[in-house]
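# Examining the three-dimensional arrangement
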Amino acid sequence: MKLPSIAALALVSFAVAGCVTETENKENMLSAAGFQVRMADTPTKVASLKSLPPHQFIVQNKDGQPVYIYADPTVCGCIYYGNQSNFQSYQQMVFQQQIVSQEQMTAMINQQAAFDFGAWGPMVVPVDVY
């Protein structure tokens, strides 16, 4: 298997293993950014929650100010809402997390590239033929 194939396989494995964890992580960042939480604890709120696109931001205007709403019908059964400042804080956290993920992937690829085949003797690498 070629190095890029190994990296791609690792990335897909992390993505599949982390589906719920990714959503929970996103919600932790929303809370850390100052978003408020409202539970869908009445039939009216549940119906309203279901009318929103799940796990996506929508922007509404309230009193001339943008309000960012993130609906989560699957993990918490709630909405997160916040202002422009909260949303910018959240975006900054996402950006920082992407940098960390890229650094981790680079470190993993570099570690794999530095593997010493010498201890294993000569190896014949099979060629993919299609």
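All of these numbers come straight from a predicted model, not from anything done at the bench.

For the rest of this paragraph, the subject is the environment of Q84. Relative to the helices and strands, Q84 is located in helix 4 (residues 84-113). On a C-alpha basis, the gap between Q84 and P66 in space is 6.5 Å, while along the polypeptide they are 18 residues apart.

This brings us to the confidence of the model for the protein chain. Low-pLDDT portions of the prediction should not be read for the details of their coordinates. Across the protein chain, pLDDT averages 82, with 80% of residues at or above 70. In this model residues 1-18 is a low-confidence stretch, pLDDT under 50, and it forms 11 contacts with partners more than four residues away in sequence or in other chains.

This brings us to the packing of aromatic side chains. By convention here, two paired aromatic rings are described through the distance between centres and the angle between planes. Summed over all chains, the structure comprises six aromatic pairs. On the numbers, 4.9 Å between centres and 80° between planes, the contact of F57 with F87 is edge-to-face. One end of the pair, F57, is in strand 2 (residues 57-62); the other, F87, is in helix 4, with 30 residues separating them in the sequence. Residue F57 is classed as partly exposed on the basis of its relative accessible area of 25%. Note on F87: relative accessible area 14%, which makes it buried. The rings of F35, F57, Y68, Y70, Y80, F87 and Y90 are connected pair by pair, giving a single aromatic cluster.

Calculation rules
Residues numbered from 1 in each chain as written. Predicted model: local features only at pLDDT ≥ 70, side-chain atom pairs only at ≥ 80, totals over all residues. Heavy atoms only, no water. Helix = DSSP H or I, 4+ residues; strand = E, 2+ residues; numbered from the N terminus. pLDDT = per-residue confidence, 0-100. Contact = heavy atoms within 4.5 Å. Phe/Tyr/Trp six-rings, centres within 6.5 Å; stacked < 30°, edge-to-face > 60°. Buried < 20%, exposed > 50% of the residue type's maximum accessible area, 1.4 Å probe, protein only.

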